[in-house]
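Fold and geometry: a report
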Amino acid sequence: MLVLGIESSCDETGAAIVDETGRVLSDVVQSQVSLHAPYGGVIPELASRDHLRNAGPVVREALARAGVSWDAVDGIAVTNRPGLVGALLVGVQMAKGLAWARGLPLVGVDHLVGHLLAVFLRRPAKDGAAATPSATEGVAPPEFPFVALLASGGHTAIYRVDGPSAAEVRELGATRDDAAGEAFDKVGKVLGLGYPGGPVIDRLARTGDPKAVPLTLPMGHTKSFELSFSGIKTQVAARVREHGIPKSESELAGVCASFQAAVTSVLAKKLVAAAVQEGVRTVVIGGGVAANRELRARVTELAREHGIRAVLPELASCTDNAAMIAYAGLVRLRAGERDGWNLVATSSTSLPRATRKGRGAR
Ligand code: KG4
Ligand code: ZN
């Protein structure tokens with residue numbers, strides 16, 4: 001079974017072909033980062049227009065790189081939530097048009113479910129464009145149930161995942177305010193590092209002293225799996241207001257390392273603690289922040305200390321891509337599920353929320 005996945009929820013236009021085993025035959029990602037960079041964040045209207053320009057060529061490229069014709073495709077999966085509605089609409093309408101024209105079944109995919117299942121993708125080293133040094137072919141996929149940390153630019157939560165459908169995902173705790181990736185991006189902005197801040201902070205932090213700046217993370221020491229990231233961003237911003245942006249490279253690296261250490265240690269600690277509480281032997285991570293080197297190292301180490309298996313997706317599977325959408329759609333199609341021509345683009349996720357936004361007594 002081969003599924004074409006289409007992703008256009010934010011600032012990446014993606015199309016990919018994935019098979020039943022999670023093997024990625026092609027994964028084309030057209031990034032809009034340079035388009036939005038001058039504004040320090042994603043401009044929804046610019047995003048929609050760019051998706052419209054790129055969607056056709058990106059889908060054609062995904063088929064070409066996979067070396068398959070339309071006759072080999074068994075279904076179409078498209079991100080229909082959550083995200084920017086105008087951006088989502090481009091992918092949804094394109095998927096409907098293609099499914100109708102080719103007589104193929106269509107399924108909508110929740111982008112967050114895509115991130116949660118990205119760990120099942122196998123990227124063969126020969127797919128030059130998509131391959132990373134840590135090709136996952138040969139690594140056993142995780143077994144259900146597992147506990148997952150999803151940390152992206154818009155969402156951060158810890159889930160118990162009993163199976164691949166959205167109904168089998170239960171939130172154990174989520175951020176009360178900013179997402180982890182959002183905190184990386186905001187700190188990157190106040191430090192003058194451009195957008196998105198995550199990958200730059202990750203790089204700069206490597207040479208920095210994580211004890212250079214004392215930073216505390218709210219909710220870091222409670223037993224609850226709820227999280228909070230807006231306070232630490234405010235601490236960094238206050239420091240920059242007082243002392244200015246660090247002038248020396250080593251001082252800048254120290255701020256980045258201190259911030260990253262605080263965020264990644266709490267994420268790793270709560271993920272593993274959640275698995276212990278649930279009596280689950282496997283943890284996985286997903287979302288753009290799962291590409292962070294320090295988070296990957298901390299999760300691997302802490303899990304090992306507790307006799308828990310940590311399965312990490314490849315870097316290309318962490319940030320937004322259409323292969324994870326194709327795979328999540330394939331799971332639905334295989335279960336006999338179909339969506340109709342009334343499939344709509346929605347800004348909110350279908351995953352149940354347990355954590356209330358905002359501060360105050362609980
Ligand atoms: O999953 P994603 O590509 O898009 C969303 O669904 O939001 O995540 C993007 C987020 C951005 O906030 C970006 O700064 C962050 O992931 N990110 C990272 C790294 N790579 C991307 N954060 C920390 N370290 C990284 N290496
Ligand atoms: Zn995402």
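Now for a quick tour of the structure. (Residues numbered from 1 in each chain as written. Chains lettered and ligands numbered in written order. Predicted model: local features only at pLDDT ≥ 70, side-chain atom pairs only at ≥ 80, totals over all residues. Heavy atoms only, no water.)

1. Focus: the overall build of the chain
Counting its secondary structure elements, the chain contains eleven helices and ten strands. For 362 residues, the compact-globule formula gives about 21 Å, and the C-alpha radius of gyration of the chain, at 20 Å, lands near that figure. A principal-axis box enclosing the C-alpha atoms of the chain has dimensions of 60 × 45 × 45 Å. Taken over 362 residues, the chain has a buried fraction of 56%. Counted over contacts in the chain with a minimum sequence separation of 6, partners at least 24 positions apart contribute 74%. Carbon and sulfur atoms make up 54% of the accessible area of the chain, which totals about 15,000 Å². One finds the centroid of the 40 positive side-chain charges in the chain at a distance of 4 Å from the centroid of its 36 negative side-chain charges. (Helix = DSSP H or I, 4+ residues; strand = E, 2+ residues; numbered from the N terminus. Rg over C-alpha atoms; globule rule 2.2 N^0.38 Å. Buried < 20%, exposed > 50% of the residue type's maximum accessible area, 1.4 Å probe, protein only. Contact = heavy atoms within 4.5 Å. Areas by Shrake-Rupley, 256 points an atom, 1.4 Å probe, with all protein chains shown as cover. Lys, Arg positive; Asp, Glu negative; His and termini not counted. Charge placed at Lys NZ, Arg CZ, Asp CG, Glu CD.)

2. Brief notes about the site of ligand 1
Residues in close proximity to ligand 1 total 20 residues, the closest being Gly153, Asp185, Asp202, Asn292 and Asp320. Contact with the protein chains removes 89% of the 560 Å² of surface that ligand 1 exposes when unbound. The set of elements that each furnish at least two residues to the shell around ligand 1 consists of helix H4 (111-117), helix H5 (180-190) and helix H6 (197-205). When the residues that make up the shell around ligand 1 are grouped by side-chain class, the tally is six nonpolar, eleven polar and three charged. (Near = heavy atom within 4 Å. Nonpolar A, V, L, I, M, F, W, Y, C, P; charged D, E, K, R; others polar.)

3. Topic: the sheet that holds strand E5 (residues 106-110)
If you trace the five strands from one edge of the open sheet to the other, you get E3-E2-E1-E4-E5, paired in mixed fashion. Sheet topology places strand E3 (24-31) and E5 at the edges, where each strand pairs with a single neighbour. If you compare each strand with its neighbour and ignore which way they point, the axes differ by 20° on average. Relative to strand E2 (residues 12-19), strand E1 (residues 2-7) runs antiparallel, the two being bridged by six bridges. Counterpart to Glu7 in the pairing with E2 is Gly14. Of the strands in this sheet, E1, strand E4 (75-81) and E5 touch helix H3 (residues 85-102), which is tilted by about 160° from E4. Across the sheet, helix H11 (residues 323-334) is in contact with E1, E2, E3, E4 and E5; its angle to E2 comes to roughly 50°. (Pairing = 2+ DSSP bridges. Axes fitted to C-alpha atoms, helices over the stretch in contact; angles between N-to-C directions.)

4. Observations regarding the coordination of the zinc ion (ligand 2)
Reference values for coordination geometry: four tetrahedral donors around a metal ideally subtend 109.5 degrees, six octahedral donors ideally subtend 90 or 180 degrees. The coordination sphere of the zinc ion (ligand 2) contains the protein donors His111 (NE2), His115 (NE2) and Asp320 (OD), at a distance range of 2.0 to 2.1 Å. Its four donor atoms give the zinc ion (ligand 2) angles of 94 to 134° at the centre, a pattern that matches the tetrahedral case. The sequence pattern formed by the donor residues of the zinc ion (ligand 2) is H-x3-H-x204-D. Pair noted here: His111 is in helix H4 and Asp320 is in the loop between helix H10 (315-318) and H11, with a separation of 209 residues, a long-range link. Of the two residues, His111 and Asp320, neither departs from the other in class, the shared state being buried. (Donors = N, O, S within 2.8 Å, 3.2 Å for Na, K, Ca; no water. Tetrahedral: all angles 85-135°; square planar, octahedral: opposite > 155°, others 65-115°.)

5. Considerations on the packing of H5 against helix H7 (residues 230-243)
Relative to each other, H5 and H7 sit at 5°, their axes nearing to 9 Å. Comparing their axes, H7 and H5 come out roughly parallel. Judged by residue contacts, Lys186, Val187 and Val190 of H5 engage Lys233, Val236, Ala237 and Val240 from H7. Taken together, the residues of the contact of H5 with H7 break down into five nonpolar, no polar and two charged. (Parallel < 35°, antiparallel > 145°, perpendicular 65-115°, else oblique.)

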